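Observations on chain architecture
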Amino acid sequence: MADKSRVHQHLAWHETLELHEIAATTAHHLTEFKLQLANVQDPTLRGLYMEAIRNLEQNTLELLPFYEKAPIPMMLKDSLETFSPKPMGVNLTAFYGRKLLIFAKNAVRNYAVAITETATPALRVIFQKQLQKAIELHAKTFDFMLQRSYYPAYDLEKLLAEDLKNAKTSLSVRR
């Protein structure tokens with residue numbers, strides 16, 4: 001009988017990719033909310049932004065230690081600090097590219113869900129057409145990011161290192 005309480009020395013590949021998706025999106029939104037905060041005038045909305053920022057900061061800090069458990073030999077033997085240097089400034093092209101990539105990915109998901117909930121054929125046709133446009137935008141944005149090395153999708157080690165750098169940058173952006 002197998003011991004179900006066994007603790008593995010590293011994350012599984014599929015959960016490493018989910019960690020990447022969550023951490024990358026969290027860091028991006030954290031930076032975005034911090035940059036937008038100065039323009040939020042309504043006190044209640046400003047309070048909600050502050051709460052979101054605090055939550056995203058805490059979420060980021062909680063996720064960072066899991067990068068040491070990524071199934072990458074270098075990640076296992078080196079410290080987080082090796083992969084998260086002090087931020088030298090925000091590359092706004094990469095930041096805005098990530099923003100568009102996140103938007104496109106969410107649009108694809110939202111249209112796909114909407115199609116499964118649609119009973120009216122004419123509306124389903126419109127959603128399908130819009131889904132196809134969202135897929136095309138995602139592909140073009142992904143290619144843009146990949147070609148400029150802003151999204152090293154085929155190199156897990158670089159992808160995770162970029163996550164760590166972006167997380168550290170998002171934590172250092174002043175409110």
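Residues numbered from 1 in each chain as written. Predicted model: local features only at pLDDT ≥ 70, side-chain atom pairs only at ≥ 80, totals over all residues. Heavy atoms only, no water.

A short note on unusual backbone geometry
Formally: In this description a helix means any DSSP run of H or I spanning at least four residues, a strand means any run of E spanning at least two, and both kinds are numbered starting from the N terminus.
Positive phi, normally seen in glycine, also occurs at Ser-149, with a value near 60 degrees. Looking at where Ser-149 falls in the secondary structure, it is placed in the loop between α6 (121-147) and α7 (156-172).

Points about the environment of Glu-32
Filter applied, for reference: Residue contacts are counted whenever heavy atoms from the two residues lie within 4.5 Å of one another.
Secondary-structure assignment places Glu-32 in helix α1 (residues 13-36). Separated by 141 residues in the primary sequence, Glu-32 and Val-173 place their C-alpha atoms 9.6 Å from one another. Discounting residues that sit within four places of it in the chain, Glu-32 has contacts with Phe-95 and Lys-99.

A short note on α7
Put simply, the test is: To estimate the expected span of a helix, count its residues, drop one, and scale the result by 1.5 Å. Residue exposure (1.4 Å probe, protein chains only): buried if accessible area is under 20% of the type maximum, exposed if over 50%, otherwise partly exposed.
Across its 17 residues, α7 extends 24 Å between first and last C-alpha, which sits within 8% of the 24 Å expected from 1.5 Å per residue. Within α7, the full set of buried residues consists of Leu-156, Leu-159, Leu-160, Ala-161, Glu-162, Asp-163, Leu-164, Asn-166, Ala-167, Thr-169 and Ser-170.

Notes on the pattern of salt bridges
Put simply, the test is: One side-chain nitrogen of Lys or Arg within 4 Å of one carboxyl oxygen of Asp or Glu is enough to make a salt bridge.
Scanning the model with the defined rule gives 5 salt bridges in all. A salt bridge links Glu-21 to Lys-105; its shortest N-O distance comes to 2.6 Å. On the criterion of sequence distance, the pair formed by Glu-21 in helix α1 and Lys-105 in helix α5 (residues 92-116) is long-range, its members being 84 residues apart. Classification of Lys-105 by relative accessible area gives partly exposed; the value is 21%. Taking the shortest distance from any N to any O, the salt bridge between Lys-99 and Glu-32 comes out at 1.9 Å. Taken together, the residues span a long stretch of sequence, with Lys-99 in helix α5 and Glu-32 in helix α1 at a distance of 67 residues. A single salt-bridge network, built from bridges that share partners, covers Lys-34, Glu-57 and Arg-175.

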